[in-house]
Amino acid sequence: MKLHRFIGDFDLSKSEVEINNPELIKQIKGILRIEVGEHLVLGDGRGRQAEVMIETIERDLITTSIVREIPNNDPEKKVSLYLAILKKENFELAVQKAVECGVSMIIPVITERTVKTGLNATRLEKIIREASEQSERSTVPLLQKTINFENALAHGYGSEEKIIFDPESSGCNPNQNTKSASIFIGPEGGFSEKEIALARSAGYTVASLGPLILRGETAAVIATYRIVQGI
């Protein structure tokens, strides 16, 4: 049976783990109606997770005991997604699905053709955490502050694999042997010619996801999955 999974500020170094977050307690008690003796999976969002059994349920505190530790199951390849800001719902969808595909870090980028610039970081972080729980990840991907395109190129330069996606370029052949990658997805309207030229001069590979023109959120999901899996 699949166990309910929660990620939070848990100390999993001890045999007993406390749950004191009011929102989480409400969800466990009032919504899911989980009772004493039932099992959960708790993760600290930094790679450590464990199956626990509920020992006590009080108004403001739930105590659990660790049954077993669960190995880290996140992808070995660390993929950073540099995603041009899209319309609110599209950007949120792209972030959610990229997390499910195994992205390690998400960096919002302002490009020449970016239309929307405002983001709700608190909401995005909640989406990232819930997507991590749903996909049974051991770590919660980081959401970085918004940066402009040129700074993004410099920020992503340290990765072994560096790809900017442009529909007018040739196909993509991910390297299965690299341990880190920086991938760039453009806004509605794509990257400008100037931005593509800057990326090339900075040592980035310019690649395509195929002959069809994809929406930004679709491209972000497909690109993340392909680079994480090396396919």
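Remember, predicted model here, so these are calculated numbers, not experimental data. (Residues numbered from 1 in each chain as written. Predicted model: local features only at pLDDT ≥ 70, side-chain atom pairs only at ≥ 80, totals over all residues. Heavy atoms only, no water.)

(A) Focus on unusual backbone geometry. A positive phi angle, close to 55°, is found at arginine 33, a residue other than glycine. Checked against the element boundaries, arginine 33 lands in the loop between helix H1 (22-31) and strand S3 (39-43). On the accessibility criterion, arginine 33 (62% relative accessible area) is exposed. Phi at glutamate 136 is positive, roughly 60°, even though this residue is not glycine. Along the chain, glutamate 136 turns up in the loop between helix H3 (121-134) and strand S8 (142-143). (Helix = DSSP H or I, 4+ residues; strand = E, 2+ residues; numbered from the N terminus. Buried < 20%, exposed > 50% of the residue type's maximum accessible area, 1.4 Å probe, protein only.)

(B) Inspection of the pairing of S3 at higher detail. Among the 5 residues that make up S3, 4 are buried, leaving the element largely enclosed by the rest of the structure. Two strands pair when backbone bridges link them, and strand S1 (residues 5-7) and S3 are joined in this way by 3 bridges, in the parallel orientation. Looking at the pairing, phenylalanine 6 lines up with leucine 42 of S3. Two elements, S3 and strand S4 (residues 49-57), share 5 bridges in a ladder whose sense is antiparallel. Bridging across to S4, histidine 39 finds its partner in methionine 53. Connecting S3 to the antiparallel partner S4 that follows it, the hairpin turn spans 5 residues, and glycine 45 within it adopts a positive phi of roughly 80°. (Pairing = 2+ DSSP bridges.)

(C) Examining the pattern of salt bridges more closely. Under the definition given, this model contains 13 salt bridges. Taking the shortest distance from any N to any O, the salt bridge between glutamate 136 and arginine 5 comes out at 3.7 Å. Taken together, the residues span a long stretch of sequence, with glutamate 136 in the loop between H3 and S8 and arginine 5 in strand S1 at a distance of 131 residues. Several salt bridges share partner residues, and in doing so they unite Lys2, Arg5 and Glu136 into one network. (Salt bridge = Lys/Arg side-chain N within 4 Å of Asp/Glu carboxyl O.)

(D) View of a nonpolar patch on the surface. Taken together, the side chains of Leu212, Leu214 and Ile222 present a nonpolar region at the surface, about 260 Å² in accessible area. Mapping leucine 212 onto the fold places it in the loop between strand S12 (205-207) and helix H6 (216-229). (Patch = residues over 30% accessible without salt bridge, like charges linked within 9 Å, V, L, I, M, F, W, Y side chains within 5 Å. Areas by Shrake-Rupley, 256 points an atom, 1.4 Å probe, with all protein chains shown as cover.)

(E) Structural view of the pairing of strand S5 (residues 62-70). Looking at chain direction, strand S2 (residues 16-19) and S5 are connected through 4 bridges and run antiparallel. Paired with isoleucine 19 across the strands is isoleucine 62, a residue of S5. Relative to S5, S4 runs antiparallel, the two sharing 8 bridges. Its bridge partner lying in S5, valine 52 is registered against isoleucine 66. Two successive antiparallel strands, S4 and S5, enclose a turn made up of 4 residues.

(F) Region of interest: H6. With 14 residues, H6 extends 20 Å between its outermost C-alpha atoms, agreeing within 8% with the 20 Å of an ideal straight helix rising 1.5 Å per residue. Where H6 is concerned, the buried positions are Gly216, Glu217, Ala219, Ala220, Ala223, Thr224, Ile227 and Val228. For H6, the buried positions fall inside an angular range of 155° around the axis, keeping them on one side. Residues of H6 that are buried in the fold lie against strand S6 (78-84), helix H2 (88-101), strand S10 (161-165) and strand S11 (180-185). Immediately beyond the C-terminal end of H6, within one or two residues, lies glycine 230, with a positive phi of roughly 70°. (Expected span 1.5 Å × (residues − 1). Arc of directions from axis to C-beta. Contact = heavy atoms within 4.5 Å.)

(G) Spatial organisation of the environment of isoleucine 85. Inspection of the secondary structure assignment puts isoleucine 85 in the loop between S6 and H2. Residue class for isoleucine 85 comes out buried when judged on its relative accessible area of 0%. Here the alpha-carbon distance between isoleucine 85 and lysine 116, two residues 31 residues apart in the chain, equals 6.4 Å. Those residues in contact with isoleucine 85 that lie beyond four places of it in its chain are Phe91, Pro108, Val109, Ile110, Thr114, Lys116, Thr117, Leu119, Thr146, Pro187 and Glu188.

(H) Structural context of H2. The first and last C-alpha atoms of H2 sit 20 Å apart over 14 residues, in line with the 20 Å expected at 1.5 Å per residue. Residues of H2 that are buried sit in contact with S6, strand S7 (105-110), H3 and H6. In the segment just after H2, glycine 102 is the residue with positive phi, at about 110°.

(I) Representation of the environment of alanine 220 within the structure. Along the chain, the position of alanine 220 falls in helix H6. Between the alpha carbons of alanine 220 and valine 95 there is a distance of 8.3 Å; along the sequence they are 125 residues apart. Apart from the residues within four sequence positions on either side, alanine 220 is in contact with Leu81, Leu83, Ala94 and Ile185.

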